[in-house]
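Each chain, written out:
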Amino acid sequence: MTEDPFVAHRSLLFTVAYEMLGSAADAEDVLQESWLRWADVDRSQVRDPRAYLVRTVTRQALNRLRTMSRSREEYVGEWLPEPLLTSPDVAEDVELAESVSIAMLTVLETLGPTERAVFVLREVFEMPYGEIAEAVGKSAAAVRQIARRAREHVAARRPRVQVSRSEQQAVVERFLAALRTGQLQELLDVMAPDVVLIADGGGFAAAAPAPIHGAELVAKMLARPDRVVSAVWLNGAPAGRIEIDGRLAAVSLVVENGKVTRIHAMANPRKLTRLDEPAELAR
């Protein structure tokens, strides 16, 4: 038997939904909804199953994005994407790794639903404007304008400096080593003076309710020795897994010029259910 196109492209479809939603749980729901629609389709009328399925997933993700806006507004404290355990192989595809990074997904949160869909489909998956237009219900000309605005918006907010994988890994390892010892000076040495810490507890775990700015304040908050720190790959980049008194947190870092400039700390237990098995991502 020939493998069903939905099964064959499942990793791609999950990646599209996850990049649009920033939530693996919501992405799985979208895939379930899309599968039910696919099951009712006359396959003989579908010329390009991959494109058809991407359009279906995009529409379902857009619907979910629009209904999620109120829950995001009511979210307790800072909202961060749901981290995914990934294999180091994901980092080999530089564009994919950047597109699913916690830093990029956080930037994508500042786009409207349609802008986010257009950016993801065009910049990450390189879909033709005509296909994107069908997926989002706009004209191809309108999609070109939306894509341009979205690119400019993202470019103004993404990390200013692109660092090599080796430099990122070296700085992350230094930061995690400093966390293990809990030494204030070691933390100060690896962070930029204007570092920002953003923590997401969602009301279910202790977390700063607003971003913390400045190396001194961030270091004082992090400098405690009673924790278990291990290195992991999250969202295509080296990162950290932290256990404190049986509670789990995931830490993703932005590195520029050999220093940590931004720390994303995910402590909401509802977002930490996928740290034991690597996610299957694909473009």
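Refer to the structure printed above.
Residues numbered from 1 in each chain as written. Predicted model: local features only at pLDDT ≥ 70, side-chain atom pairs only at ≥ 80, totals over all residues. Heavy atoms only, no water.

1. Side note on unusual backbone geometry
Of note in this structure, aspartate 245 is not a glycine but carries a positive phi near 50°. Within the secondary structure, aspartate 245 is located in the loop between strand E4 (237–244) and strand E5 (247–256). With relative accessibility at 61%, the residue aspartate 245 sits in the exposed group. With a phi angle near 55°, asparagine 257 is a residue other than glycine that sits in the positive phi range. The topology assignment puts asparagine 257 in the loop between E5 and strand E6 (259–266). (Helix = DSSP H or I, 4+ residues; strand = E, 2+ residues; numbered from the N terminus. Buried < 20%, exposed > 50% of the residue type's maximum accessible area, 1.4 Å probe, protein only.)

2. Side note on the pairing of E5
With respect to burial, E5 is a largely interior element, eight of its ten residues being buried. Taken together, E4 and the strand that follows it, E5, pair antiparallel across an intervening segment of two residues, in which aspartate 245 is found at a positive phi of about 50°. Counting the residues between successive antiparallel strands, the hairpin from E5 to E6 contains two residues, one of them, asparagine 257, with a positive phi of roughly 55°. (Pairing = 2+ DSSP bridges.)

3. A closer look at the pairing of strand E1 (residues 191–200)
Judged by how many residues are buried, E1 sits mostly within the fold: eight of ten residues are covered. With six bridges joining them, E1 and E6 adopt parallel strand pairing. Counted as the bridge partner of isoleucine 198 is histidine 264 from E6. Pairing analysis gives two bridges linking E1 to strand E2 (residues 212–213), with the strands arranged antiparallel. Counted as the bridge partner of valine 196 is histidine 213 from E2.

4. As for helix H2 (residues 10–21)
The α-helix winds at 3.6 residues per turn, so residues separated by three or four positions along the chain end up facing the same way. Given a rise of 1.5 Å per residue, twelve residues ought to cover 16 Å, and the 16 Å separating the end C-alpha atoms of H2 matches this to within 8%. In terms of burial, H2 is largely enclosed, as ten of its twelve residues are buried. Buried residues of H2: Leu12, Leu13, Phe14, Thr15, Val16, Ala17, Tyr18, Glu19, Met20 and Leu21, and no others. Elements in contact with the buried residues of H2: helix H1 (5–8), helix H3 (24–39), helix H4 (49–73), helix H5 (94–99), helix H6 (102–108) and helix H7 (113–124). (Expected span 1.5 Å × (residues − 1). Contact = heavy atoms within 4.5 Å.)

5. Looking at H3
For H3, which comprises 16 residues, the first-to-last C-alpha distance of 22 Å matches the rise-based estimate of 22 Å (1.5 Å per residue) to within 8%. Within the span of H3, buried status applies to Ala24, Asp26, Ala27, Val30, Leu31, Ser34 and Trp38. An end-on view of H3 places all buried positions within 150° of arc, on one side of the element. Here H3 starts with a cap whose side-chain oxygen sits 3.5 Å from the backbone nitrogen of alanine 25, and that cap is serine 23. (Arc of directions from axis to C-beta. Polar contact = N/O pair within 3.5 Å; in protein donor to acceptor, adjacent residues only side chain to side chain.)

6. Quick look at the pattern of salt bridges
On inspection of all chains with the given rule, the structure shows 19 salt bridges. For arginine 43, the salt bridge goes to aspartate 4, with nearest N and O atoms at 3.0 Å. Linking arginine 43 in the loop between H3 and H4 with aspartate 4 in the segment before H1, this pair joins segments that are 39 residues apart in sequence. For arginine 43, a relative accessible area of 33% translates into the label partly exposed. Arginine 283 is paired through a salt bridge with glutamate 95; the nearest N and O atoms lie 3.0 Å apart. Here arginine 283, found in the segment after E6, pairs with glutamate 95, found in helix H5; they are 188 residues apart in sequence, far enough to count as distant. We classify arginine 283 as partly exposed; its relative accessible area is 35%. Residue class for glutamate 95 comes out partly exposed when judged on its relative accessible area of 43%. Look at the salt bridges and you will find they share partners, linking Arg10, Glu28, Glu82 and Arg274 into a network. (Salt bridge = Lys/Arg side-chain N within 4 Å of Asp/Glu carboxyl O.)

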